Amino acid sequence: MSATQTRTGSCLCEANKFTVKGDPMLFVVCHCTNCKRQTGTAFMSNALFKEENIDFTSSQNLGQYSDSKTQSGSTIVRQFCNTCGSSMFIRPDQGKKLTGVWAIPVGLIDGSDTWTPTKEVFVEKKCSFVKELAINSPQ
Ligand SMILES: [Zn+2]
Ligand SMILES: [Zn+2]
């Protein structure tokens, strides 16, 4: 990874294209029920970026769902592509402490294949077939 690198990303149909500047603040694997439902799979892998480091390079075609039934109790806004259904940005609701930080599913970001997660959350909800993941906790 490189602190100054700009990476491109998009949804499956490329109706939503964006760039991210620098490395993610965190790379979080989330095993919560809501992330499983949103993605339809065993867990969600999200890279956290400051809003100011995210740029949209095409007009956006996003739908959104205000998810208030989160395990943490904070409402988050889950966005998705209106055309292909890819999970897109997860934003905290206005006025919450993490305002300004967005989570982006790493599968949308070009070159993320070699990244290692820095954190796993809601491990108590982990699917039994998911064994120990490689985690690179920041020191
Ligand atoms: Zn799309
Ligand atoms: Zn989650």
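It should be noted that the structure appears before, not after, this text.
Thresholds applied
- Per-chain numbering applies: the sequence of each chain, read as written, is numbered from 1 onward.
- Each chain takes a letter, starting from A, and each ligand takes a number, starting from 1, following the order in which they are written.
- Thresholds applied to this predicted model are a pLDDT of at least 70 for local features of residues and 80 or more for the giving and counting of side-chain atom pairs; totals over whole chains, interfaces and linings are not thresholded and use all residues.
- The basis for the side-chain values is all heavy atoms of the structure; hydrogens and waters are excluded.
- Helix and strand assignments follow DSSP, with helices taken as H or I runs no shorter than four residues and strands as E runs no shorter than two, numbered in order from the N terminus.
- Note on classification: 1.4 Å probe, protein chains only; a residue is buried when its accessible area is under 20% of the maximum for its type, exposed when over 50%, partly exposed between these limits.
- Stacked, tilted and edge-to-face are the three classes assigned to paired rings of Phe, Tyr and Trp, where Trp is represented by its six-membered ring and a pair needs centres within 6.5 Å; plane angles under 30 degrees give stacked, over 60 edge-to-face, the rest tilted.
- Whether a charge lies above a ring is judged from NZ of Lys or CZ of Arg, which has to be within 6 Å of the ring centre and within 35 degrees of the ring normal.
- Think of a nonpolar core as a cluster: buried Ala, Val, Leu, Ile, Met, Phe, Trp, Tyr and Cys residues, connected wherever their side-chain atoms sit within 4.5 Å.
- At least two bridges found by DSSP between two strands are what make those strands a pair.
- Between N-to-C directions, angles span 0 to 180 degrees; the directions come from axes that are lines fitted to C-alpha atoms, helices contributing only their stretch in contact.

### Notes on unusual backbone geometry
- The phi angle at E14 is positive, at roughly 70°, despite the residue not being glycine.
- Structurally, E14 is set in the loop between strand 1 (6-10) and strand 2 (17-21).
- Under the relative-accessibility criterion, E14 is labelled partly exposed at 47%.

### Quick look at the packing of aromatic side chains
- Per the stated rule, a full pass over the model turns up five aromatic pairs.
- Directly above the ring of W102 sits R91, whose terminal nitrogen or CZ lies 5.6 Å from the centroid.

### Remarks on the nonpolar core
- Counting 17 residues, the largest nonpolar core has F18, F49, I104 and I109 as the members making the most contacts within it.
- Among the secondary structure elements, those contributing two or more residues to this core are strand 2, strand 3 (26-30), strand 4 (44-50), strand 8 (87-92) and strand 9 (101-105).
- Counting residues in each nonpolar core, the second largest holds nine residues, with V28, C35, L48 and I90 among its members.

### Overview of the sheet that holds strand 5 (residues 54-56)
- Within the open sheet, the three strands sit side by side as 1-2-5. Their pairing is antiparallel. If you trace the sheet from one side to the other, it starts and ends with strand 1 and strand 5, each paired once. Neighbour-to-neighbour, the strand axes of this sheet turn through a mean angle of 25°, independent of strand direction.
- As paired elements, strand 2 and strand 5 share three bridges and run antiparallel to each other. Each residue of the ladder has a partner; that of V20, found in strand 5, is I54.

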